[in-house]
Amino acid sequence: MPRPVIGISTYQDPARWGVWEMPAVLLPAGYPRLVRAAGGLAVLLPPDDAQDAARDTVAALDGLVIAGGADIEPARYGAVADPRTGPPARERDTWELALIRAAIERQVPLLGICRGMQLLNVALGGTLHQHLDDHTGGPGVFTGHPVTPVPGTAYAHAVPETAVVPAYHHQAVDRLGAGLVASAHAPDGTVEALELPGHGSLVLGVQWHPEAGEDTRVMAALVRAAGGRAAGGRTGPPDARPAAEAPVRAMS
């Protein structure tokens with residue numbers, strides 16, 4: 001049976017190779033490597049600027065990963081920027097929010113990683129803590145800390161025990177978005193995973209970076225859910241609506 005097609009969001013940044021230095025569409029190699037290790041076929045999704053493009057892109061996929069990266073602009077969740085919050089990536093926010101909304105509408109299995117989990121929360125009306133200490137190992141260095149699942153959740157089904165995960169973030173979920181539940185916590189109480197139960201497809205976010213480790217179980221859960229969609233001919237209902245109707249906040 002063909003491997004499920006898993007799309008991974010990318011971002012545009014300056015890059016240099018050979019004699020060239022120009023804008024490039026980028027993604028750390030750990031993401032497609034993890035998709036392959038979990039049994040999926042990875043495809044990279046370059047940024048686009050239209051809601052219709054997001055819907056068309058998601059319709060061609062069996063599963064979607066929203067990758068980690070820059071801080072989300074606080075205006076997206078009605079907050080003023082903390083001095084420690086990074087510069088806005090408005091185009092990326094707009095594109096990835098559109099992908100998330102399209103995946104939820106079409107019941108395409110979705111996994112948000114780090115920033116992707118936070119953006120899922122914001123898309124459903126939640127808010128973020130703009131700064132935490134002790135969830136990185138220093139600039140450019142992952143830290144390891146334990147994450148404990150909440151029994152009965154989809155995350156706990158995939159990873160039933162407390163596991164040490166590779167983490168690198170200074171922001172985290174504050175108020176949960178409508179319909180979302182916390183499915184794992186760090187020892188300090190930080191929400192480390194969340195999900196949208198009763199939706200009809202897997203909608204899961206994890207605050208750490210599974211692509212920086214060896215444990216494939218979170219990605220394998222997405223690939224399994226995507227396999228069911230692939231077997232059904234990608235027939236998710238195009239007019240389905242999220243369990244929570246909280247709108248994605250538009251920029252003023």
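Everything below is about the structure shown above.
Chemist: When you look at the overall build of the protein chain in this model, what are you seeing that I'm missing?
Modeler: What the protein chain contains, in helices and strands, is 6 helices and 13 strands. Rg of the C-alpha trace for the protein chain: 17 Å, near the compact-globule value of 18 Å for 252 residues, within the 12% margin. Overall, the protein chain is about 50 × 45 × 40 Å in size when its C-alpha atoms are taken along their principal axes. Classification of the 252 residues of the protein chain by burial places 51% in the buried group. Pairs at least 24 apart in sequence give 71% of the contacts found in the protein chain among residues at least 6 apart. Carbon and sulfur atoms make up 55% of the accessible area of the protein chain, which totals about 11200 Å². A distance of 5 Å separates the average location of the 19 positive side-chain charges in the protein chain from that of its 26 negative side-chain charges.

Chemist: Just to check I follow, could you spell out the packing of aromatic side chains for this structure?
Modeler: When we look at a pair of aromatic rings, we describe it by the centre distance and by the angle of the planes. The final tally for this structure, using the stated rule, is 1 aromatic pair. With centroids separated by 5.6 Å and ring planes inclined at 70°, the aromatic side chains of Tyr 155 and Trp 208 adopt a geometry described as edge-to-face. Here Tyr 155 is found in helix α5 (residues 154–158), whereas its partner Trp 208 is found in the loop between β13 (203–206) and α6 (217–231), with 53 residues between them in sequence. Of the two residues examined, Tyr 155 and Trp 208, each falls in the buried class.

Chemist: Sorry if this is basic, but what is going on with the nonpolar core here?
Modeler: The nonpolar side chains of soluble globular proteins are, as a tendency, buried together. In terms of nonpolar packing, the biggest core is built from 34 residues, with Val 58, Leu 64, Leu 99, Ile 100, Leu 110 and Leu 120 touching the most fellow members. For this core, the elements supplying multiple residues, two or more each, are α2 (51–59), β5 (63–66), α3 (90–106), α4 (115–123) and β12 (191–195). A per-element tally of this core places α3 first, with 8 residues. Contacts of Val 58, omitting those with residues within four sequence positions, involve Leu 64, Leu 99, Ala 102, Ala 103, Arg 106, Val 108 and Arg 229.

Chemist: Could you clarify how one ought to interpret the environment of Ile 104 in this entry?
Modeler: Here Ile 104 is to be found in helix α3. Classification of Ile 104 as buried rests on a relative accessible area of 2%.

How each quantity is defined
- Residues numbered from 1 in each chain as written.
- Predicted model: local features only at pLDDT ≥ 70, side-chain atom pairs only at ≥ 80, totals over all residues.
- Heavy atoms only, no water.
- Helix = DSSP H or I, 4+ residues; strand = E, 2+ residues; numbered from the N terminus.
- Rg over C-alpha atoms; globule rule 2.2 N^0.38 Å.
- Buried < 20%, exposed > 50% of the residue type's maximum accessible area, 1.4 Å probe, protein only.
- Contact = heavy atoms within 4.5 Å.
- Areas by Shrake-Rupley, 256 points an atom, 1.4 Å probe, with all protein chains shown as cover.
- Lys, Arg positive; Asp, Glu negative; His and termini not counted.
- Charge placed at Lys NZ, Arg CZ, Asp CG, Glu CD.
- Phe/Tyr/Trp six-rings, centres within 6.5 Å; stacked < 30°, edge-to-face > 60°.
- Core = buried A, V, L, I, M, F, W, Y, C linked by side-chain atoms within 4.5 Å.

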